[in-house]
Amino acid sequence: MHKLSRLSSSSILRNGGSRYRGVASSISASTSQYDSTGVSDSNKSTSRWYSSITTGRSNSSHSTPKFNLRNGFYLSNRYESTSAAASDATDSPPAEKFEYQAEVSRLMDLIVHSLYSNKEVFLRELISNASDALDKLRFLSVTDPGLMKESSELDIRVQTDKDNGIITITDSGIGMTREEIVDCLGTIAQSGTAKFLKALKDSKDSGSDNNLIGQFGVGFYSAFLVADRVVVSTKSPKSEKQYVWEGEANASSYTIREETDPEKLIPRGTRLTLYLKRDDKGFAHPERVQKLVKNYSQFVSFPIYTWQEKGYTKEVEVDEDPAEVKKEGDDNQIEKKKKTKTVVERYWDWELTNETKPLWLRNPKEVTTEEYNDFYKQTFNEYLEPLASSHFTTEGEVEFRSVLYVPAISPTGKDDITNPKTKNIRLYVKRVFISDDFDGELFPRYLSFVKGVVDSNDLPLNVSREILQESRIVRIMRKRLVRKAFDMILGIAMSENPEDYEKFWDNFGKNIKLGCIEDRENQKRLAPLLRFFSSQADEVMISLDEYVENMMPEQKDIYYIASDSLTSAQNAPFLEKLKEKEYEVLFLVDPIDEVAIQNLKSYKEKNFVDISKEDLDMGDKDEEKEKQIKQEFGVTCDWMKKRLGDKVASVQISNRLSSSPCVLVSGKFGWSANMERLMKAQSLGDTSSLDYMRGRRVLEINAEHAIIKNLSVACKSSPDDQEALRAIDLLYNTALISSGFTPENPAELGGKIYEMMGMALSGKWSPAMEAEVMEQSKMINGSEAAIEAEVVPVEAGTGQK
């Protein structure tokens with residue numbers, strides 16, 4: 001059987017402000033309930049107290065007796081209407097009325113209507129204020145232990161009444177005196193904590209714990225986001241009296257009175273009672289409050305308890321059916337076993353909500369890999385372990401703690417790299433969750449896949465603690481976070497298990513390439529992370545460092561070619577001479593590759609060179625030989641240029657071909673064939689810029705190829721021959737395709753190919769050719785028959801005379 005939790009006197013809520021309606025079982029000596037251990041009445045101090053939710057409301061005659069918190073236990077029940085609470089206060093001293101400052105009224109209107117973008121932050125603000133009050137008490141008790149004499153427990157408790165729409169937040173912190181209530185809750189920019197810090201600074205008695213103390217003032221007014229009326233009951237250990245502050249939304253005044261009801265007195269601290277608006281009563285649901293606490297205040301350094309409904313199972317007897325009659329008399333003497341059934345007994349109890357401790361506050365040397373992985377899975381709802389993690393503390397002009405992770409897989413897909421709002425970075429200020437909705441303030445969008453938490457004690461925020469200011473501190477934090485992310489990724493690349501980086505590159509390789517385009521400041525850190533296929537490694541990707549190590553001694557540049565697939569890149573005619581010289585060429589087959597490499601420009605003082613562009617220098621120029629070839633084929637080049645017209649800028653002798661007759665290269669400063677193809681495919685691209693960016697095209701011919709030599713002879717003997725001119729057109733269109741360009745008129749190209757095929761195959765299968773073939777076949781068959789006739793067999797036993 002499920003054991004019920006023990007409630008001690010130190011764990012009982014400091015009582016809420018209004019009268020309660022009984023919905024729980026009465027707690028008294030005569031009605032005490034026990035757990036399965038069966039504790040007797042003589043040992044009530046160790047029995048487990050709880051209350052059971054009944055199916056209906058109790059009568060007023062059976063209402064739950066209440067206990068003074070100074071003397072004993074009490075168990076909180078549901079609230080009665082506010083009118084009943086008002087009737088009980090008729091004997092109390094009259095309340096004093098105070099007018100808000102004009103600035104406060106304007107502030108409240110601003111908070112309710114425009115300052116906060118999400119109403120649910122009210123609970124975060126109020127719990128943060130409660131935590132600040134506890135911090136202040138803990139700090140002051142070091143020099144004045146008497147402040148803790150009423151109770152040594154430091155905690156926060158949140159109770160809800162979903163039927164009446166009431167939320168009560170109680171802390172056992174420092175509380176406020178009457179003067180402090182007026183200063184803190186009725187005056188803008190006045191905070192008891194701020195005055196406390198100023199006094200410590202003036203007395204030069206400030207310590208290292210001061211940064212834990214926040215402000216109680218502006219954040220308090222966020223309660224009016226969801227509440228029509230707010231009641232604050234507070235007791236300071238410096239005062240003998242407990243005071244009640246009460247204010248309403250859109251009111252210009254508030255009241256302060258002394259608390260005289262002994263059932264509502266608290267030993268120390270502050271109790272906030274929020275009477276929710278009609279549209280916001282959903283916040284009073286226990287499960288919703290618990291969810292908000294876990295989301296925003298999970299890592300507050302003090303325990304936060306929420307009032308939750310629980311249950312345990314037990315066996316109960318079932319009444320027998322009177323219709324059952326025993327037929328045999330002997331059965332009456334047999335003792336029949338009583339029937340039982342299992343039921344769930346409901347009760348209400350406090351539940352610790354912030355059980356997870358902030359991992360980033362611990363020493364990294366004391367945290368195991370399993371703990372890092374568990375924290376990652378719990379915080380970000382992941383099921384796979386991360387590829388890497390980084391836990392660090394930054395000190396100096398900007399101080400913050402952080403734990404970063406690299407996920408094992410991209411949750412949004414490999415192609416979704418443009419959405420910066422991934423909710424992967426959770427920002428905390430003094431362990432209070434602020435936001436996870438950023439637009440590049442802490443991480444650039446190409447690193448949006450990195451997950452983690454960032455906690456700063458002095459991060460500058462506006463009054464809502466919600467929107468980050470664009471400040472120098474934020475820029476410094478971003479810079480250091482990005483560098484730590486690079487170190488973490490580089491650690492994966494250098495790990496002993498290469499499969500980890502293969503998995504990373506498969507999921508986030510495009511993000512790294514995007515970083516090469518967008519982040520010029522960190523290009524030197526991004527370049528070693530890149531991976532490509534090459535002419536010497538078409539199955540395993542290599543890094544730029546590996547490429548540089550494999551370069552030939554006489555090689556000066558890093559060569560690459562961009563194409564739409566690995567197969568087309570491997571068979572491109574541009575590689576012919578480079579392969580003969582054993583120069584390695586990078587294959588850029590991803591659409592983003594070419595832009596990334598062009599933005600890098602160089603790596604380790606080696607320039608990136610596109611082998612599909614004109615003026616390719618492979619470091620083996622023979623000026624005398626080139627001059628001789630140009631003299632020999634100069635007229636042929638001019639003749640071909642005249643035929644092609646504006647289709648090419650010029651016709652030149654190529655130094656990159658060995659087996660192909662020609663190739664069409666791009667201008668040095670224009671688009672490559674691959675880039676031109678990509679630009680045409682853009683659905684929102686500007687087609688008017690295609691002609692301008694296309695640049696000049698140069699037809700390079702291989703002077704040693706038989707086709708070029710034949711055309712050279714035709715140029716000198718019969719330059720107007722139509723077959724030779726058509727051969728030039730077909731040569732150009734073929735080079736257009738083999739070089740990666742798209743023909744402007746595919747039908748015309750097809751017609752020319754068919755024409756050339758007709759010329760090549762003309763007469764080979766005509767009737768005359770068929771008759772000649774048959775005659776040759778008969779002659780061959782006749783000769784074979786004559787040879788067989790000459791062979792005469794000789795009978796056995798015959799001889800010559």
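What counts, and where the lines are drawn
Residues numbered from 1 in each chain as written. Predicted model: local features only at pLDDT ≥ 70, side-chain atom pairs only at ≥ 80, totals over all residues. Heavy atoms only, no water. Helix = DSSP H or I, 4+ residues; strand = E, 2+ residues; numbered from the N terminus. Buried < 20%, exposed > 50% of the residue type's maximum accessible area, 1.4 Å probe, protein only. Areas by Shrake-Rupley, 256 points an atom, 1.4 Å probe, with all protein chains shown as cover. Pairing = 2+ DSSP bridges. Axes fitted to C-alpha atoms, helices over the stretch in contact; angles between N-to-C directions. Contact = heavy atoms within 4.5 Å. Phe/Tyr/Trp six-rings, centres within 6.5 Å; stacked < 30°, edge-to-face > 60°. Lys NZ or Arg CZ within 6 Å of the ring centre and 35° of its normal. Core = buried A, V, L, I, M, F, W, Y, C linked by side-chain atoms within 4.5 Å. Parallel < 35°, antiparallel > 145°, perpendicular 65-115°, else oblique. Left-handed = near helix turned anticlockwise from the far one by under 90°. Nonpolar A, V, L, I, M, F, W, Y, C, P; charged D, E, K, R; others polar. Expected span 1.5 Å × (residues − 1). Arc of directions from axis to C-beta. pLDDT = per-residue confidence, 0-100.

Draft legend 1. Quick look at the overall build of the chain. Of regular secondary structure, the chain possesses 21 helices and 25 strands. Evaluated residue by residue, the chain yields a buried proportion of 47% over its 801 residues. Approximately 42,300 Å² of the chain is accessible, and the part contributed by carbon and sulfur atoms is 48%.

Draft legend 2. Layout of the sheet that holds strand β7 (residues 242-248). Ordered by their spatial adjacency, nine strands build an open sheet running β3-β8-β7-β6-β9-β5-β4-β10-β11, and the pairing between neighbours is mixed. Edge strands, defined here as strands with exactly one partner in the open sheet, are β3 (96-99) and β11 (340-352). Adjacent strand axes in the sheet meet at a mean angle of 25°, parallel and antiparallel pairs treated alike. Sheet topology note: the strand β6 (residues 227-235)/β7 ladder contains seven bridges and is antiparallel. Note that in β7 the partner of K235 across the bridge is Q242. The strands touched by helix α6 (residues 286-296) are β4 (156-161), β5 (166-171), β10 (304-317) and β11; relative to β10, the strand with the most contacts, the crossing angle is about 130°.

Draft legend 3. Main features of the side chain of K513. Note that K513 resides in helix α9 (residues 498-518). When sequence neighbours within four positions are dropped, the list of residues in contact with K513 reads W505, L530, D590, I592, D593 and A596.

Draft legend 4. Structural context of the environment of Y383. Within the fold, Y383 resides in the loop between α7 (369-380) and β12 (388-394). C-alpha separation for the pair Y383 and N373, spaced 10 residues apart in sequence, amounts to 9.8 Å.

Draft legend 5. Structural view of the packing of aromatic side chains. Enumeration over the complete set of coordinates arrives at 24 aromatic pairs. Taken together, a centroid distance of 4.3 Å and an interplanar angle of 20° make the contact between F449 and F508 stacked. Placement of the pair is F449 in the loop between β15 (432-435) and β16 (451-456) and F508 in helix α9, with a sequence separation of 59 residues. Their ring planes at 10° and their centres at 5.9 Å tell us that Y559 and Y583 sit as a pair that is stacked. Placement of the pair is Y559 in strand β19 (residues 558-562) and Y583 in the loop between α13 (576-580) and β20 (585-588), with a sequence separation of 24 residues. Residue classification places Y559 among the buried positions, given a relative accessible area of 1%. Counting every residue linked through ring pairs, the aromatic cluster contains Y296, F299, W360, F375, Y428 and F433. The ring of W350 carries R157 above its face, with NZ or CZ at 5.1 Å from the centroid. The lysine or arginine in question, R426, covers the ring of F433, its NZ or CZ lying 4.1 Å from the ring centre.

Draft legend 6. Structural detail: the nonpolar core. Residues F443, L447 and Y559 are the most contacted members of the largest nonpolar core, which totals 76 residues. Ranked by residues supplied to this core, first place goes to helix α8 (residues 472-493) with nine residues. Ignoring anything within four residues of it in the chain, the contact list for Y559 reads Y547, L578, Y583, E584, V585, L586, V609, I611, L616, D617 and M618. In this structure, I167, Y296, Y372 and V453 belong to the second largest nonpolar core, which totals 64 residues.

Draft legend 7. Just the packing of α8 against α9, in detail. The geometry of α8 relative to α9 is characterised by a closest axis approach of 10 Å and an angle of 140° between their N-to-C directions. Here α8 lies oblique to α9, going by the angle between them. Note on packing geometry: the crossing formed by α8 with α9 is left-handed. The segment α8 lies against α9, with I489, I492 and A493 engaging D500, Y501, F504 and I512. Class assignment of the residues belonging to the contact of α8 with α9 gives a composition of six nonpolar, no polar and one charged.

Draft legend 8. Structural detail: α7. Along its 12 residues, α7 runs 17 Å from first to last C-alpha, staying within 8% of the 16 Å computed at 1.5 Å per residue. Of the residues making up α7, those classed as buried are Y372, N373, F375, Y376, T379 and F380. In an axial view of α7, the angular spread of the buried residues amounts to 160°, which keeps them on one side of the axis. Turned more than 90 degrees away from the buried face of α7 sit E370 and Q378, all of them exposed. Those residues of α7 that are buried are in contact with β12, β13 (400-406), β14 (425-429) and β16. Two residues or fewer past α7, N381 is found with a positive phi of approximately 55°.

Draft legend 9. Focus on helix α18 (residues 706-717). Over its 12 residues, α18 extends 17 Å from the first C-alpha to the last, a length consistent with the 16 Å expected when each residue adds 1.5 Å. Residues I708, L711, S712, A714 and C715 constitute the buried set of α18. Each buried residue of α18 lies within a common arc of 165° when the element is viewed along its axis, so the set occupies one face. Facing away from the buried side of α18, by more than 90 degrees, are the exposed residues N710, V713, K716 and S717. Tucked inside the fold, the buried residues of α18 contact α15 (623-644), β25 (697-701) and α19 (722-738).

Draft legend 10. Here's a closer look at the sheet that holds β25. If you walk across this open sheet you meet the three strands as β23-β25-β24, and the pairing is mixed. The sheet terminates laterally at β23 (650-653) and β24 (662-666), the two strands that pair on one side only. Strand-to-strand, the axes of this sheet are offset by a mean angle of 30°, without reference to chain direction. Taken together, the five bridges between β24 and β25 define a ladder with antiparallel strand orientation. Counted as the bridge partner of S666 is R697 from β25. Taken strand by strand, α19 contacts β24 and β25, and its axis lies near 60° from that of β24.

Draft legend 11. Geometry of the packing of α15 against α19. Interhelical geometry of α15 versus α19 gives an angle of 80° and a closest axis separation of 10 Å. In terms of axis orientation, α15 runs roughly perpendicular to α19. For the pair α15 and α19, contact is made by W639, M640, R643 and L644 and by A724, L725, I728, D729, L731 and Y732, respectively.

Draft legend 12. Molecular detail of the pairing of β7. Most of β7 is tucked away: five of the seven residues are buried. If you look at the hairpin formed by β6 and β7, you'll find six residues sitting between the two strands. As paired strands, β7 and strand β8 (residues 253-258) are joined by five bridges and run antiparallel to one another. Bridged to V244 within β8 is R257. Connecting β7 to the next strand, β8, in antiparallel fashion are four residues, including N250 with a positive phi near 65°.

Draft legend 13. Structural view of the confidence of the model for the chain. Confidence in the prediction for the chain averages 76 pLDDT; 71% of positions are at 70 or higher. When pLDDT is averaged over each element of the chain, β5 comes out on top at 95 and strand β1 (residues 20-21) at the bottom at 32. Residue range residues 189-197 is modelled with pLDDT below 50. Its contacts to residues more than four positions away, or to other chains, number 23 contacts. Here residues 461-467 scores under 50 on pLDDT; set against residues more than four positions off or in separate chains, the count is 27 contacts.

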